[in-house]
Amino acid sequence: HPDRCGSCTRCIDACPTRAIIAPYQLDARRCIAYLTIEHKGAIPMEFREAIGDRLFGCEECLSICPWNKWARETHETHFVPKDYPSATEMLDWDEAKMLEMMAGTPLKRLGLARLKRNACMVRGNLKEKAALAALEKISNNPAEIDFVREAATWAIGKITTVK
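The model shown is predicted, which means the values in this text are computed figures rather than measured ones. (Residues numbered from 1 in each chain as written. Predicted model: local features only at pLDDT ≥ 70, side-chain atom pairs only at ≥ 80, totals over all residues. Heavy atoms only, no water.)

1. Re helix α8 (residues 132–139)
And step 1. Within α8, burial applies to Leu 132, Ala 134, Leu 135, Ile 138 and Ser 139. Down the axis of α8, the sector holding all buried residues measures 165°, keeping them to one side. Exposed residues pointing more than 90 degrees away from the buried face of α8 are listed as Ala 133 and Lys 137. (Buried < 20%, exposed > 50% of the residue type's maximum accessible area, 1.4 Å probe, protein only. Helix = DSSP H or I, 4+ residues; strand = E, 2+ residues; numbered from the N terminus. Arc of directions from axis to C-beta.)

Printed below as a string of structure tokens:
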């Protein structure tokens, strides 16, 4: 492919975690898409706030790229946006509910633990007080996976800490 970027650095400048380290070079360990979709453990502290309200992926680099102004909306039915419940509601799901609600969507591949971890990050970043009861339930539940309980505890701290 021809180099169409020239001196443009919009994607590098827009990346919330500085995962694009140079033209055409990505440090996937810093990428929000990797962290929220592929990473199987706790999200490192240094990237949690940058996740913001992103439950699944990021795409800041794609949305800022001037070459994407020619992109057209697809008519492919598999890519039609769907309405999802709130991240707070997802915190109360069990495995069966997650599989039912996410059937046929890319979110299903996360599994319940990573979905809950991501939902905790989002609720904490948005300081969603309405999520406190669900977050406390997770953080005090020994049956939850460690990184999910820790994410809930982190989110509680973000919500209840006054700055």
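The structure having been displayed, the exposition proceeds.
2. Focus: the pattern of salt bridges
And step 1. In this structure the tally under the stated criterion is 9 salt bridges.
And step 2. Between Glu 128 and Arg 123 there is a salt bridge; the shortest N-O distance is 3.5 Å.
And step 3. The buried category is assigned to Arg 123, whose relative accessible area is 11%. (Salt bridge = Lys/Arg side-chain N within 4 Å of Asp/Glu carboxyl O.)

3. Let's talk about the nonpolar core
And step 1. Judged by nonpolar contacts, the single largest core of 34 residues is most densely connected at Leu 91, Trp 93, Leu 115, Cys 120 and Leu 135.
And step 2. Elements supplying a minimum of two residues to this core: α2 (32–38), α3 (45–51), α5 (87–90), α6 (95–102), α7 (111–125), α8 and α9 (146–160).
And step 3. The dominant element in this core, judged by the number of residues it contributes, is α9, at 8 residues.
And step 4. In contact with Leu 91, other than residues within four places in its own chain, are Lys 116, Ala 119, Cys 120, Arg 123, Ala 131, Ala 134, Leu 135 and Ile 138.
And step 5. Counting 5 residues, the second largest nonpolar core, distinct from the first, contains Ile 12, Ala 19, Ile 20 and Cys 31. (Core = buried A, V, L, I, M, F, W, Y, C linked by side-chain atoms within 4.5 Å. Contact = heavy atoms within 4.5 Å.)

4. Notes on the side chain of Arg 117
And step 1. Here Arg 117 lies in helix α7.
And step 2. Those residues in contact with Arg 117 that sit more than four places away from it in its chain are Leu 35, Thr 36, His 39, Lys 40, Gly 41, Ile 43, Phe 147, Val 148 and Ala 151.

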